[in-house]
Amino acid sequence: KGGRKKMKEIQWAENKMPKTADTSLPVMSLENVAKARAFHESFPQYSKTPLAKLDHMAEHLGLGGIFVKDESYRFGLNAFKVLGGSFAMANYIAKQTHRDVSELPYAVLTSEELRKEFGQATFFTATDGNHGRGVAWAANRLGQRSVVLMPKGSTRTRLENIQKEGADATITEVNYDECARRANAMAEKTPNGVMVQDTAWDGYEEIPSWIMQGYGTMASEADEQLREYGCDRPTHIFIQAGVGSLAGAVQGYFANRYPDNPPVVVVMEADSAACLYKGAKAADGNIRIVDGDMPTIMAGLACGEPNTISWDILKNHVSVFTSCPDWVSARGMRMLAAPVKGDPQVTSGESGAVGMGLLSAIMEQDKYRELRSFLKLDETAKVLLFSTEGDTDPERYKEIVWDGKQYD
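Below you will find a few notes about this structure. Note that the structure is a prediction, hence the values are computed from the model and not measured.

Thresholds, definitions, all that
Residues numbered from 1 in each chain as written. Predicted model: local features only at pLDDT ≥ 70, side-chain atom pairs only at ≥ 80, totals over all residues. Heavy atoms only, no water. Helix = DSSP H or I, 4+ residues; strand = E, 2+ residues; numbered from the N terminus. Rg over C-alpha atoms; globule rule 2.2 N^0.38 Å. Buried < 20%, exposed > 50% of the residue type's maximum accessible area, 1.4 Å probe, protein only. Contact = heavy atoms within 4.5 Å. Pairing = 2+ DSSP bridges. Axes fitted to C-alpha atoms, helices over the stretch in contact; angles between N-to-C directions. Salt bridge = Lys/Arg side-chain N within 4 Å of Asp/Glu carboxyl O. Polar contact = N/O pair within 3.5 Å; in protein donor to acceptor, adjacent residues only side chain to side chain. Disulfide = S-S within 2.5 Å. Parallel < 35°, antiparallel > 145°, perpendicular 65-115°, else oblique. Left-handed = near helix turned anticlockwise from the far one by under 90°. Nonpolar A, V, L, I, M, F, W, Y, C, P; charged D, E, K, R; others polar. Phe/Tyr/Trp six-rings, centres within 6.5 Å; stacked < 30°, edge-to-face > 60°. Expected span 1.5 Å × (residues − 1). Arc of directions from axis to C-beta.

## Side note on the overall build of the chain
Phase 1: In terms of helices and strands, the chain carries 16 helices and 11 strands.
Phase 2: For 408 residues, the compact-globule estimate of 2.2 N^0.38 gives 22 Å, and the C-alpha radius of gyration of the chain, at 20 Å, lies within 12% of that figure.
Phase 3: Along the first, second and third principal axes, the C-alpha atoms of the chain reach 65 × 50 × 45 Å.
Phase 4: The buried share of the chain, taken over its 408 residues, is 61%.
Phase 5: Taking the contacts inside the chain whose residues are at least 6 apart along the sequence as the reference set, 75% of them involve residues at least 24 apart.

Here it is in structure tokens:
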């Protein structure tokens, strides 16, 4: 009789990379984030997403507090990504019309006068789902066009959600990083074509910076909500990474917000696409790239080429980089869906729940006690997690949460 095969282990690397001059940190200055937040607040669809306070779960795991930012409520799109795409588009239009983005709230951006002045652009992007849906949604609201390429293995549900927003969207036969290259080539050949990608490379850094600042809205809201709960600041932040834009944005915001006493930050990646972890393990400060197929349920994290701006922020400030097998995320999804009695439930998708899964493994499994001790995760720790998406792939969500589908 075959027993269950042994589950893959979580890998971790302490950040021992050489520090740089930290020239990317000002991208996430409090002033830049405040501008992004004011822009998002100008949308009629805007409301602050909830910060779930899991007191009983914290007690169960031996922690002082667990707080989960629930992005399944963001603009009705079930994911945080729209924050970046919308703010980048606004900044692009501001630059083309010689304005500052603060002069282009939603009402101005959607006005007939601005449309006459700016005309119409086509925004190109590559996505596993959430970023493309956010770009398509924002383009639709702002009277612009969008073209979205998706990597092979993307689900029909995610494709259809993007098409519903009026985008020209297709699933390709290549991986995410190759999709990004194709979308960029198409943008360069199209009159008024603009690439809106949440990864940066040498020579393509302005738009990704704006996207990261857009993500800052979520970090800034969470920071404010923590104080409303009587928590002065998080002691620990667990943040997931694909190309690293979100991780760099969150790390950058909190490093600027608490320069004298920054939270301990743990970065998590899917093990099949752990390019940042590999860079941290090599410890020389150079970027590592993962290519080929990246099979993982964490579709939003299946990216093998780091964002250069984020990488600079992360290597200067992050404490630990981790590589997480799929079971970590699946466990996190189930724990958030069925928390300890009395705690609020969070519907968290595959890329959203990995933090909860990792935190529970570190606190409960003896094999990770060295990591627990290194991070000083104990009853004084107040941990902030970001559930970046809800059930954006509803069928898979049910398979994992309802049917208990297992992953190694």
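After that view of the structure, there is still more to cover.
## Structural notes on the sheet that holds strand S4 (residues 122-126)
Phase 1: Taking strand neighbours across the sheet as the criterion, the 4 strands line up as S6-S5-S4-S7 in an open arrangement whose pairing is parallel. With one partner strand each, in any of the chains shown, strand S6 (168-171) and strand S7 (193-195) form the two edges of the open sheet. The average undirected angle you get between the axes of adjacent strands in this sheet is 15°.
Phase 2: Bridge analysis of strand S5 (residues 145-150) against S6 gives 4 bridges, and the strand direction is parallel. When the bridges of S6 are listed, Val148 appears paired with Ala169.
Phase 3: Relative to S6, helix H7 (residues 156-163) is tilted by about 170°, and along the sheet it contacts S5 and S6.

## Re the pattern of salt bridges
Phase 1: This structure, assessed with the given rule, holds 29 salt bridges.
Phase 2: Glu221 is the salt-bridge partner of Arg74, the closest N and O atoms lying 2.9 Å from each other. Of this pair, Arg74 sits in the loop between strand S3 (65-70) and helix H3 (82-96) while Glu221 sits in helix H9 (residues 206-228); the two residues are 147 residues apart in sequence, bridging distant segments of the chain.
Phase 3: When its relative accessible area of 0% is taken as the criterion, Arg74 is described as buried.
Phase 4: Taking the relative accessible area as the measure of exposure, Glu221 reaches 0% and is therefore buried.

## Examining the environment of Glu14
Phase 1: Relative to the helices and strands, Glu14 resides in strand S1 (residues 11-14).
Phase 2: The contact partners of Glu14, leaving out residues within four places of it in the chain, are Ala280, Ser319, Val320 and Phe374.

## Observations concerning the side chain of Gln197
Phase 1: Along the chain, Gln197 falls in the loop between S7 and H9.
Phase 2: Side chain to side chain, Gln197 and Thr125 meet in a polar contact 2.9 Å long.
Phase 3: Sequence-distant contacts of Gln197, defined by excluding residues within four places in its chain, comprise Thr125, Ala126, His131, Tyr176, Ala180, Tyr204, Ile207, Pro208 and Ile211.

## A closer look at the state of the cysteines
Phase 1: The final tally for this structure, using the stated rule, is 0 disulfides.
Phase 2: Unpaired in terms of disulfides, Cys179 finds its nearest cysteine sulfur in Cys303, a separation of 11 Å.
Phase 3: For Cys324, which is in no disulfide, the shortest distance to another cysteine sulfur is to Cys275 and amounts to 13 Å.
Phase 4: According to the relative accessible area criterion, Cys324 is buried, its value standing at 0%.

## Focus on the packing of helix H10 (residues 245-257) against helix H12 (residues 308-317)
Phase 1: Relative to each other, H10 and H12 sit at 50°, their axes nearing to 8 Å. By the angle between their directions, the pair H10 and H12 is classed as oblique. Relative to H12, the crossing made by H10 is left-handed. On H12, the residues that touch Ser245, Ala247, Gly248, Gln251, Gly252 and Ala255 of H10 are Ser310, Ile313, Leu314 and His317.
Phase 2: Residue composition of the contact of H10 with H12, by class: 4 nonpolar, 6 polar and no charged.

## Observations regarding the side chain of Asp70
Phase 1: Note that Asp70 resides in strand S3.
Phase 2: Polar contacts involving the side chain of Asp70 include one to the side chain of Ser72, which spans 2.7 Å.
Phase 3: If we ignore the near neighbours within four places in the chain, the residues touching Asp70 are Thr49, Pro50, Val346, Thr347 and Ser387.

## Some remarks on the sheet that holds strand S11 (residues 382-387)
Phase 1: Strand order in the open sheet formed by 7 strands is S1-S10-S9-S8-S11-S3-S2, and the pairing between neighbours is mixed. Lying at the two open borders of the sheet, with one neighbouring strand each, are S1 and strand S2 (51-53). For this sheet the average axis-to-axis angle between neighbouring strands, irrespective of direction, equals 20°.
Phase 2: Packed onto the sheet, helix H14 (residues 354-364) meets S3, strand S8 (236-240), strand S9 (264-270), strand S10 (320-324) and S11 and runs at close to 130° relative to S8.

## Examining the packing of aromatic side chains
Phase 1: Here the structure, examined in full by the defined rule, presents 15 aromatic pairs.
Phase 2: When the ring of Phe39 is compared with that of Phe87, the centres are 5.7 Å apart and the planes differ by 50°; the resulting orientation is tilted. With Phe39 in helix H1 (residues 30-41) and Phe87 in helix H3, the pair connects residues that are 48 residues apart, well separated along the chain. Neither residue differs from the other here; Phe39 and Phe87 are each classed as buried.
Phase 3: Summarising the aromatic geometry, the rings of Phe43 and Tyr106 are spaced 4.6 Å apart at their centres and angled 55° between planes, so their arrangement reads as tilted.

## Some remarks on H1
Working note: α-helix, 3.6 residues per turn, so residues spaced by three or four point in the same direction.
Phase 1: For H1, spanning 12 residues, the distance from its first C-alpha to its last is 16 Å, which sits close to the expected 16 Å at 1.5 Å a residue.
Phase 2: Residues Val33, Ala36, Arg37, Phe39 and His40 constitute the buried set of H1. What you see down the axis of H1 is that its buried residues fit within an arc of 155°, all on one side.
Phase 3: Of the surrounding secondary structure, the elements contacted by the buried residues of H1 are H3, helix H4 (106-109), H9 and H10.

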